[in-house]
Every structure is written in C-alpha cells, then in structure tokens.
Amino acid sequence: MKIDIVTIFPDFFRGPLDFGITRRAREAALVEIQVHDLRAFAHDRHRTVDDRPFGGGEGMVLKPEPIFECLEQLGLPPQETRLAEDSAESVVLLSAQGARFDQAIAARLADLDRLVLICGRYEGVDERVGQHLADREISIGDFVLSGGELGAAVIVDAVTRLIPGAVGNEASTRQESFTAGESAATVGPSSTCGSGGLLDYPHYTRPAKFRDMEVPEILVSGNHDEIRRWRRRTALEKTYRNRPDLLKASALSEEDKELLARITGQDFDTKG
C-alpha cells in the first residue's frame, strides 16, 4: 500500500511515522509513506499557500492552486474514476466537517492500494478542493484541531495496522474494540471472543496480585468456556457503561441479550 500525505508541516511526521507498527510496516515494505510539502507547489516569493476568505470573516483559507498542482503531480486517476466502487485509490481531505472516522472506515481504507491524505489548516480549505479533488472528507472526532496533521497521523496508524502482516498476530486486530463481525470463539481460542463492534473485554497480566489488587479468579481457572463468557459479559458491561450507543448498532446474540438483561436489570431491545 502507498500513502501520500500533503501538508505545510512535513517535519511533523518525523515522529509519528518512525515508531511502532508504522515503522515496522515501512521497513517490511508493507506500506510506503511519502510526505509532500505543500509549499513546494507555491510559486511566489513567499511560498504562499493561504489567503483571506471571500465574503469576509476571520482567519485564512488554504488556496486551491498548490493542492491541485500537488495531486496532479502524483499521477492519480480522475476523481470520477476514484469514486467508482472498485477503485483502489482514494483522496481524503482531513476536515472538521468530514464524516467521523471509525474502525469500519479504517478497514475500507486499508483495502486500498493507494491513499492520499490532504491536511487542512487555518480556517479550512477552499471548497473546490473538497468538491472537485477529494473523494471524501474525514474528521477524527467532534472537535476542532489546529490542522489535519494529527488526524492524518491517526488515520495512518489505524489503517497501517490493518494491513496483512503489519501486526504479528493478525487475529488480534479482529478481537479489538469496535471491530465488527464475528464475536464468537471461532475467531480464536475458545477463551477469546471478538468484540463484534463493542468495546474490548478487560485484559490482565502478571503478577496475579499487585498491591492487594487481584486478577479475577476465573481468568486463572483454566476453564476456557467460562473465561469466554466472563470476557463477553465484561465487554458488554464496559460498553453499556462507556458507549451505550454501540449496543444499538451491534448484532447481539440471544446470550448477549440475556447477559445485558442481568447487567441492566431490564429486558434489552436493540431496536429501542
């Protein structure tokens, strides 16, 4: 996979790209990441990439010319071609007005051959970039950042770790929080369960007792079926407590609904 990042602060990515899974995936040639300095495509003496907004208002707006020129030099197919269902390339504009990034979007982006990330800045980007150049706008959350660089780093990390071979144990990426799909033990040993779109179950490691805090006894019992049930119940508890919205979007089994009824003290209806 190839990822291109367009930014006015290329040095920002020296840190995020040089550690952990992203670094290992680059060294293993699983992903190629190139950072492009947008100012290199501004041809005036001051390398200007922004200007005041038409109609007045506060702040500055990134100009369209440098962004269009940069992407044209990347040799991408036309936007209408990229928007086809079977396209293997996509251009994403990082924007506070974009669709909220989640694990499902990360999985779709990880299936691409090439991903281009445009980092917005200042008050935003000329709307013609979003309409005629980018294929989609993405936001990493319902808050405003100073620019799209942090969002781009988040997307690169989330996408890279889903590329086959990037994570040592690929099964672990199917058992994490938010990962939709199979939730039963068929994704791993009988003691594990995939999240099925919920939050992950709690994890413990050695020592079994630390400062009078003990690991739940069931986890050291050796009873894998009971461990699986405990993990599923605690995942449901944590999701109900921290992210109840995820429950309505998840395909819950009858066992899940029975567990939720015990947790909440009431019948649980995912359609409610």
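Caption draft 1: Structural context of the nonpolar core. Grouped together as the largest cluster of nonpolar side chains are 29 residues, with contacts concentrated most on Ile 3, Ile 5, Phe 101, Leu 109, Leu 115, Leu 117 and Ile 155. At the level of elements, strand S1 (2–7), helix H1 (20–27), strand S5 (89–100), helix H4 (103–110), strand S6 (114–119) and helix H6 (149–160) are the ones that each hand at least two residues to this core. In terms of residues, this core owes the most to one element, H6, which gives six residues. Discounting chain neighbours no more than four positions away, the residues touching Ile 3 are Val 31, Glu 32, Ile 33, Gln 34, Leu 115, Leu 117, Val 156 and Thr 160. One finds Leu 38, Ala 42, Leu 71 and Leu 93 within the second-largest nonpolar core, a separate group that totals 20 residues.

Caption draft 2: A look at the packing of aromatic side chains. With the rule as written, the count across this model stands at two aromatic pairs. Taking the centre distance of 5.0 Å and the plane angle of 80 degrees together, the rings of Phe 12 and Phe 13 count as edge-to-face. Take Phe 12: its relative accessible area is 32%, and that puts it in the partly exposed class. For Phe 13, a relative accessible area of 2% corresponds to the buried category.

Caption draft 3: Quick look at the pattern of salt bridges. Counted under the stated rule, the structure contains 17 salt bridges. Its salt-bridge partner being Arg 47, residue Asp 37 comes within 3.5 Å of it at the nearest N-O pair. Of the two residues, Asp 37 is situated in strand S2 (residues 32–37) and Arg 47 in the loop between S2 and strand S3 (50–51); the sequence distance between them amounts to ten residues. For Asp 37, a relative accessible area of 24% corresponds to the partly exposed category. Classification of Arg 47 as partly exposed rests on a relative accessible area of 36%.

What counts and what doesn't
In this convention, every chain numbers its residues from 1, walking through the sequence in written order. The model is predicted, so local features are restricted to residues of pLDDT at least 70 and side-chain atom pairs to those at 80 or more, both for listing and for counting; the totals for chains, interfaces and linings are taken over all residues. Hydrogens and water molecules were not included; the side-chain quantities draw on all heavy atoms of the structure. Here the nonpolar core consists of buried residues drawn from Ala, Val, Leu, Ile, Met, Phe, Trp, Tyr and Cys, with membership extended through side-chain atoms lying within 4.5 Å. Burial status follows relative accessibility: with a 1.4 Å probe on protein chains alone, a residue under 20% of its type maximum counts as buried, one over 50% as exposed, and anything between as partly exposed. What counts as a helix is a DSSP run of H or I of at least four residues, what counts as a strand is a run of E of at least two, and both are numbered from the N terminus. Contact definition: two residues touch when any of their heavy atoms are within 4.5 Å. Pairing of aromatic rings covers Phe, Tyr and the six-membered ring of Trp, with a centre-to-centre limit of 6.5 Å; geometry is then stacked below 30 degrees between planes, edge-to-face above 60, and tilted otherwise. We define a salt bridge as a side-chain nitrogen of Lys or Arg found within 4 Å of a carboxyl oxygen belonging to Asp or Glu.

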